[in-house]
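What follows is the residue order along each chain.
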Amino acid sequence: MNKFLVLEAGNLTVAAFFLAIAIVVATRPFVRKEVKRFILIATISIFTILIAGHYYITSKRISEVKSAFASGEKVECESRLNRKAAQSIVISKDLGWKLDGDLFINPNYSRPFHSARCIVKVKPKIDLPSH
């Protein structure tokens, strides 16, 4: 959970900002009591569901990426180093990558890649026409 909070700090900050706006709006004296309750309950419920869902999906993807890498499959990770050329990088054991906790490291690269920013590379399915 701690790693999720660090990785998604930007998104959580935006959610906290919108929650603060909802609290400010709900606490104005001209807002009726029923509306105040609805605003607060709806905002907290929606953000709780969205954050919990995002946590579940991210955790599941990390475990899928780690198990696929351990079994020798290729993993594709987001590369923020050079956005103009390649926006992703293929990682596999065959290319010298190692998994250290949640980070993919390689002595040929200056920075590691976090498994939360990766997906399992799917092999393309080629359908040949039958004659």
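Look a little higher up for the structure.
Notes on the structure in this doc start here. Counting of residues starts from 1 at the beginning of each chain's written sequence and follows it residue by residue. Totals for whole chains, interfaces and linings use every residue, but because this is a predicted model, local features are given only for residues with pLDDT of at least 70 and side-chain atom pairs only at 80 or more, for both listing and counting. Only hydrogens and water are set aside; all other atoms, that is, all heavy atoms of the structure, feed into the side-chain values.

## Digging into the overall build of the protein chain
Here is step 1: Looking only at helices and strands, one finds 3 helices and 6 strands in the protein chain.
Here is step 2: Numbering of helices and strands runs from the N terminus; a helix is a DSSP stretch of H or I covering at least four residues, while a strand is a stretch of E covering at least two. Counting helices and strands in the order they occur from the N terminus, the protein chain gives α-α-α-β-β-β-β-β-β.
Here is step 3: Each residue's exposure class comes from its accessible area (1.4 Å probe, protein chains only) as a fraction of the maximum for that residue type: buried when under 20%, exposed when over 50%, partly exposed otherwise. Scored against the burial criterion, the 131 residues of the protein chain give a buried share of 21%.
Here is step 4: In the protein chain, of all internal contacts separated by at least 6 residues, the share reaching a separation of at least 24 is 52%.
Here is step 5: If you sum the accessible surface of the protein chain, you get close to 9700 Å²; carbon and sulfur atoms cover 64% of it. Residues are treated as being in contact if the distance between any of their heavy atoms lies within 4.5 Å. Note on areas: Shrake-Rupley, 1.4 Å probe, and residue coverage restricted to the protein chains presented here.

## Thoughts on the sheet that holds strand 6 (residues 118-120)
Here is step 1: In this scheme, strands are said to pair when DSSP sees at least two bridges between them. Strand order in the open sheet formed by 3 strands is 2-1-6, with antiparallel pairing between adjacent strands. Edge strands, defined here as strands with exactly one partner in the open sheet, are strand 2 (88-91) and strand 6. Going from strand to strand, the sheet's axes swing by 25 degrees on average, the running direction of each strand aside.
Here is step 2: Of the pairings in the sheet, the one linking strand 1 (residues 75-78) to strand 2 comprises 4 bridges and is antiparallel in character. When the sheet's bridge partners are listed, Val 75 is paired in strand 2 with Ile 91.
Here is step 3: Only the stretch in contact is used when fitting a helix axis, every axis being a line fitted to C-alpha atoms; angles between N-to-C directions are given from 0 to 180 degrees. Its contacts with the sheet place helix 3 (residues 33-70) against strand 1, strand 2 and strand 6, and it is angled at close to 60 degrees to strand 6.

## Structural notes on helix 2 (residues 9-26)
Here is step 1: Taking 1.5 Å per residue, 18 residues should reach 26 Å; helix 2 reaches 25 Å between its end C-alpha atoms and fits that length.
Here is step 2: Buried within helix 2 are the following residues: Ala 15, Ala 22 and Ala 26. Each buried residue of helix 2 sits inside an arc of 35 degrees when the element is viewed along its axis, so together they form one side. In helix 2, the exposed positions angled more than 90 degrees off the buried face are occupied by Thr 13 and Phe 17.
Here is step 3: Packing partners of the buried residues in helix 2 comprise helix 3. Helix span, as expected, comes to 1.5 Å for every residue beyond the first. In this description, one arc is meant: the one made by directions from the helix axis to the C-beta atoms.

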